[in-house]
Amino acid sequence: MRHLIKYLLVALSCLAIISEVDAQDQKPAAASRPEDKIRQYFFVMLTTGSNRTHDSATAAKIQEGHMANINRLYYDGKLKVAGPFGDDGNWRGIFIFDCKTKEEVEALLKTDPAIAAGRLSYEVHPWWTASMGSFTPGKPEKKP
């Protein structure tokens, strides 16, 4: 009986080791595929607001606060992309946020002086992509 228990313990230990090795072999391959890294972000379309009647000095001060807010959100890790459009249409710019909820994004948008003053308005949409890439010019380096 004692030998049977020893053999069972050895067999169970071997099965546990084989399962662990199997699991380790499968995880890196799956985790290295971009489609397995897709996650949700929030795309914000900044549009022309309902109040663009500010004098030039006030508009400049609001814009300064808008830019400071963008920098703060970027360095807080919440804002991944920000930028204006190059024409004078109703679409003024975009933000891409890395937040858990739409409500969190909206709370952060309310800290923007241009939105608070009515110079900008916005639409928030959930958006998915892989956490890779950048806006660095040129082709990305190929990984081995």
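Our subject is the structure that appears above.
Residues numbered from 1 in each chain as written. Predicted model: local features only at pLDDT ≥ 70, side-chain atom pairs only at ≥ 80, totals over all residues. Heavy atoms only, no water.

Enquirer: Can you tell me about the overall build of the protein chain, naming the residues and giving the values?
Expert: Within the protein chain, the secondary structure is distributed over four helices and four strands. For the protein chain, the N- to C-terminal ordering of α and β elements is α-β-α-β-β-α-α-β. Restricting the contact set of the protein chain to residue pairs at least 6 apart, pairs at least 24 apart contribute 72%. Summed over all atoms, the accessible surface of the protein chain reaches about 10,800 Å², with 59% contributed by carbon and sulfur. (Helix = DSSP H or I, 4+ residues; strand = E, 2+ residues; numbered from the N terminus. Contact = heavy atoms within 4.5 Å. Areas by Shrake-Rupley, 256 points an atom, 1.4 Å probe, with all protein chains shown as cover.)

Enquirer: Help me get a handle on the nonpolar core, residues and values and all.
Expert: Side chains of a nonpolar character, in soluble globular proteins, are inclined to be buried together. In this structure, Val44, Phe95, Phe97, Val105 and Leu109 are the most contacted members of the largest nonpolar core, which totals 17 residues. Every element with two or more residues in this core is listed here: β1 (38–48), α2 (56–75), β3 (91–97), α3 (102–109), α4 (113–116) and β4 (120–130). When neighbours within four sequence positions are excluded, Val105 is seen to be in contact with Phe42, Val44, Phe97, Cys99 and Val124. (Core = buried A, V, L, I, M, F, W, Y, C linked by side-chain atoms within 4.5 Å. Buried < 20%, exposed > 50% of the residue type's maximum accessible area, 1.4 Å probe, protein only.)

Enquirer: Describe the sheet that holds strand β2 (residues 79–84), and please don't skip the residues or the numbers.
Expert: Spatial strand order, β2-β3-β1-β4: four strands in an open sheet with antiparallel pairing. If you trace the sheet from one side to the other, it starts and ends with β2 and β4, each paired once. Within this sheet the neighbouring strands show an average axis-to-axis angle of 20 degrees, counted without direction. Judged from the five bridges that link them, β2 and β3 form a sheet pairing that is antiparallel. Across the sheet, Pro84 pairs through a bridge with Gly93, a residue of β3. Relative to β2, α2 is tilted by about 155 degrees, and along the sheet it contacts β2, β3 and β4. Along the sheet, α3 makes contact with β1, β3 and β4, crossing β4 at roughly 140 degrees. (Pairing = 2+ DSSP bridges. Axes fitted to C-alpha atoms, helices over the stretch in contact; angles between N-to-C directions.)

Enquirer: Hey, could you go over the environment of Phe43 for me, with residue numbers and the actual values?
Expert: Structurally, Phe43 can be placed in strand β1. Sequence-wise, Phe43 and Val124 are 81 residues apart; in three dimensions their C-alpha atoms are separated by 5.9 Å. In this structure, Phe43 is in contact with Ile94, Phe95, Ile96, Glu123, Val124, His125 and Trp127, ignoring residues within four places of it in sequence.

Enquirer: Lay out the pairing of β3 in plain terms, naming residues and giving numbers.
Expert: Across the seven residues of β3, five count as buried, placing the element largely inside the fold. With six bridges connecting them, β1 and β3 associate as antiparallel partners. By the bridge assignment, Met45 is partnered in β3 with Ile94. Between β2 and β3, which pair antiparallel one after the other, the connecting turn spans six residues.

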